[in-house]
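Chain by chain, the residues run as shown.
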Amino acid sequence: MAEIHITAQERDPRGTTNRALRRAGLIPGVYYNRKGEVRCLQFDRNTLDSLLRKEIGVLRVDVGGELLDCIIREVQRHPVLRDIIHIDLMGIVKGQKIRAHVPVRAVGIAPGIKEGGVLELVVREMEVECEPAYLPTRLDVDVSNLNMNEGVRLSELRYEGVVLLGDPQMTVVHVVPPRQVAVEAAPVAEVKEPEVIRERKGEEEEEEKEKEKEKEKRK
C-alpha cells in the first residue's frame with residue numbers, strides 16, 4: 001500500500017464559487033467519514049494533478065497541521081478537457097475495514113497469445129473489503145499460464161488481507177480467438193437499359209399510317 005501526503009486548506013462553501021477557485025488554480029474537494037463529519041477543502045491544482053498520476057492507497061491530507069487519513073472516493077473531471085474539477089475523500093480509521101474500488105492489471109505473457117489469441121481484460125477494477133493497512137493500489141492477475149480459450153475467475157484470486165467482492169464465477173481476464181468481422185459485398189443494383197423513346201414513337205407513327213391506309217381502301 002502506497003501512502004501519499006498532500007497539503008490542503010479549509011474552504012468556506014458559501015464563499016468563493018468552485019468555478020472561481022478553479023480559475024485561481026485551486027481544486028475544490030470534500031472530506032467525510034463514517035461519524036458524519038464533513039469538511040470542505042481546496043487543493044493546489046498542479047500538486048493534485050501530479051499526485052493522481054501515481055498509484056495511491058491511503059492518502060494523508062495535511063490540513064493546517066492536522067493529518068486526515070483517507071482514500072479517494074471519486075475524482076470528477078471535465079467531460080471534454082479531462083481536467084480535474086472536484087475530488088471526494090472518505091476518512092478511514094485504522095483497524096476498521098473499508099470498501100474501495102481497485103484497478104486490475106494483467107501481468108505476464110499468456111501462451112495463448114502466441115497461438116494467435118487476444119488477451120482481454122474483462123474486469124478493469126474490482127471492489128474490495130479490507131483494513132486500510134492492506135488496501136492495494138492495484139490487483140495484479142497472473143496470465144502466464146493462460147492458453148487459448150482459458151481465463152481467470154474471481155474465485156481463483158487471492159490477496160493477503162483482502163476480500164474480493166462480486167460473483168466468484170465472474171471472469172476477470174481471458175484469452176480468446178480474434179474476432180473476425182465478415183464484410184458482405186454490397187448487392188449490385190440491377191442496371192436497367194434506358195427506354196428508347198424515339199423507337200417507340202417511330203413504331204406508333206407506323207401504326208397510324210397503316211390505319212390511314214386501311215381507311216382509304218374501305219372508301
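Structure: see above.
The rules behind these values
- Residues numbered from 1 in each chain as written.
- Predicted model: local features only at pLDDT ≥ 70, side-chain atom pairs only at ≥ 80, totals over all residues.
- Heavy atoms only, no water.
- Helix = DSSP H or I, 4+ residues; strand = E, 2+ residues; numbered from the N terminus.
- Buried < 20%, exposed > 50% of the residue type's maximum accessible area, 1.4 Å probe, protein only.
- Contact = heavy atoms within 4.5 Å.
- Areas by Shrake-Rupley, 256 points an atom, 1.4 Å probe, with all protein chains shown as cover.
- Core = buried A, V, L, I, M, F, W, Y, C linked by side-chain atoms within 4.5 Å.
- Pairing = 2+ DSSP bridges.
- Axes fitted to C-alpha atoms, helices over the stretch in contact; angles between N-to-C directions.

A. Representation of the overall build of the chain within the structure. From N to C terminus, the chain includes four helices and 13 strands. Buried residues in the chain amount to 31% of all 219 residues. A fraction of 64% describes how many contacts in the chain between residues 6 or more apart in sequence connect residues 24 or more apart. Carbon and sulfur atoms make up 48% of the accessible area of the chain, which amounts to about 15,300 Å² in all.

B. Structural context of the nonpolar core. Judged by nonpolar contacts, the single largest core of 26 residues is most densely connected at Met126, Val128, Leu135, Leu164 and Val172. Of all the elements in the fold, those that place two or more residues in this core are strand E7 (98-107), strand E9 (125-130), strand E10 (139-142), strand E12 (162-165) and strand E13 (171-176). Broken down by element, this core gets its largest block of residues, four residues, from E7. In this view, Val128 contacts Ile98, Arg99, Ala100, Val102, Leu135, Leu139, Val162, Val163, Leu164 and Leu165; residues no more than four positions away in its chain are not counted. Membership of the second largest hydrophobic core comes to 18 residues, among which are Ile4, Ile27, Leu48 and Val61.

C. Here's a closer look at the sheet that holds strand E8 (residues 118-121). Strand order in the open sheet formed by three strands is E8-E13-E11, and the pairing between neighbours is antiparallel. Strands with a single pairing partner mark the edges of an open sheet, and in this sheet they are E8 and strand E11 (151-153). Neighbour-to-neighbour, the strand axes of this sheet turn through a mean angle of 10 degrees, independent of strand direction.

D. Structural detail: the environment of Thr17. Structurally, the position occupied by Thr17 is in the loop between strand E1 (3-10) and helix H1 (18-23). When the C-alpha positions of Thr17 and Pro28 are compared, they lie 9.2 Å apart, and in sequence the two are 11 residues distant.

E. Broad picture of the sheet that holds E9. If you trace the four strands from one edge of the open sheet to the other, you get E10-E7-E9-E12, paired in mixed fashion. Strands at the two margins of the open sheet, each flanked by one partner only, are E10 and E12. With direction set aside, neighbouring strand axes in the sheet form an average angle of 45 degrees. Sheet analysis places E9 next to E12, joined by four bridges and oriented antiparallel. The residue of E12 that forms the bridge with Val128 is Leu164.

F. Main features of the environment of Val107. Mapped onto the secondary structure, Val107 falls in strand E7. The exposure class of Val107 is partly exposed, given its relative accessible area of 25%. Residues Val107 and Val143, spaced 36 residues apart in sequence, show a C-alpha to C-alpha distance of 6.1 Å.

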